[in-house]
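Fold and contact review
Read off the chains here:
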Amino acid sequence: MALAQTRVYTEDDYYNLPEDVRAELIEGQLVYNQSAPSTTHQIILSELHTAINNYIKSKSGSCRVFPAPFAVKLHKNRKTIVEPDISVICDRGKITDKGCTGAPDWIIEIISPGNPGHDYIRKLNLYADAGVREYWIVDPRTEKVFVYYLEQPDFQIGTYTFHDKIKVNIYEDLWIDFQELDL
């Protein structure tokens, strides 16, 4: 009896998806995002994007911040393209017309109730392997923020709440005060 063959999808398959289809390509497999983000998700995304973008502009910084949907091809030679909720990229040479090729410096994912393990486990491992320097997981249900400092040799993590002021490690003087965000 022959075993069922699993199709391995390519970068071309990903980029040829219809515009209204949201998916990620993870190790050659398409992972579809089945539901639209909640209003709470979008408010958090908007507030964080604005705070980060305002900081970068106030410092005349070279980094760029992109909200989802924004394609990030983590490795040049692998079949993995993700769409983080927020990507901060400081090496503008990684930015292309199709998104980003290479690891962003900082990624933020806002948990959706449908598949939290995707962000907590699968993406954490993908981002650590790719060389992302800092990864935040924002969980609206528990009002917690998990901050992974991935460039540290011993892989540090901080746990915060929506009442905390959180230091962004990739910058010397950026703090995100969740109490000041209009959540």
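These remarks concern the structure in this document. (Residues numbered from 1 in each chain as written. Predicted model: local features only at pLDDT ≥ 70, side-chain atom pairs only at ≥ 80, totals over all residues. Heavy atoms only, no water.)

In terms of helices and strands, the protein chain carries three helices and 14 strands. On C-alpha atoms alone, the protein chain measures out to a radius of gyration of 17 Å, which is about the 16 Å that the 2.2 N^0.38 rule sets for 183 residues. Taking the principal axes of its C-alpha atoms as reference, the protein chain extends roughly 60 × 35 × 35 Å. Counting across all 183 residues of the protein chain, residues that qualify as buried make up 44%. The contacts in the protein chain between residues at least 6 apart in sequence include a share of 50% that link residues at least 24 apart. Roughly 10,100 Å² of accessible area belongs to the protein chain as shown, and the carbon and sulfur atoms make up 46% of that amount. The average position of the 19 basic charges and that of the 27 acidic charges among the side chains of the protein chain differ by 5 Å. (Helix = DSSP H or I, 4+ residues; strand = E, 2+ residues; numbered from the N terminus. Rg over C-alpha atoms; globule rule 2.2 N^0.38 Å. Buried < 20%, exposed > 50% of the residue type's maximum accessible area, 1.4 Å probe, protein only. Contact = heavy atoms within 4.5 Å. Areas by Shrake-Rupley, 256 points an atom, 1.4 Å probe, with all protein chains shown as cover. Lys, Arg positive; Asp, Glu negative; His and termini not counted. Charge placed at Lys NZ, Arg CZ, Asp CG, Glu CD.)

By volume, the largest pocket amounts to about 570 Å³. Asn33, Ser35, Ser112, Asn115 and Asp119 are, among the 26 residues lining the largest pocket, the residues nearest its centre. Taken together, the elements giving at least two residues each to the lining of the largest pocket come down to β2 (29-32), α2 (39-58), β9 (106-110) and α3 (116-130). Ranked by the residues each element gives to the lining of the largest pocket, the list is headed by α3, at three residues. Here the residues of the lining of the largest pocket sort into eight nonpolar, ten polar and eight charged. (1 Å grid on protein atoms, 1.4 Å probe; cavity = no way out; pocket = protein on both sides within 12 Å on 5 of 7 lines; lining within 4 Å. Points joined across faces, edges and corners; volume = space filled by probe spheres on them. Nonpolar A, V, L, I, M, F, W, Y, C, P; charged D, E, K, R; others polar.)

Our next topic: the packing of aromatic side chains. One pass over the full model with this rule turns up eight aromatic pairs. Considering the side-chain rings of Phe66 and Phe70, the 4.1 Å spacing of their centres and the 5° angle between planes classify their relative orientation as stacked. Overall, Phe66 belongs to the buried group, its relative accessible area being 17%. (Phe/Tyr/Trp six-rings, centres within 6.5 Å; stacked < 30°, edge-to-face > 60°.)

Here we take up the state of the cysteines. One pass over the full model with this rule turns up one disulfide. Note that Cys63 is cross-linked by a disulfide to Cys90, the S-S spacing being 2.0 Å. Its S-S torsion of approximately 100° makes the covalent link between Cys63 and Cys90 right-handed. With Cys63 in the loop between α2 and β3 (64-67) and Cys90 in the loop between β6 (86-89) and β7 (95-96), this residue pair connects regions lying 27 residues apart in the sequence. By relative accessible area, which is 9% here, Cys63 ends up buried. Among the residues examined, Cys90 registers a relative accessible area of 22% and is labelled partly exposed. Between Cys100, a cysteine without a disulfide, and Cys90, which holds the nearest cysteine sulfur, the sulfur-to-sulfur distance is 11 Å. Judged by its relative accessible area of 2%, Cys100 falls in the buried class. (Disulfide = S-S within 2.5 Å.)

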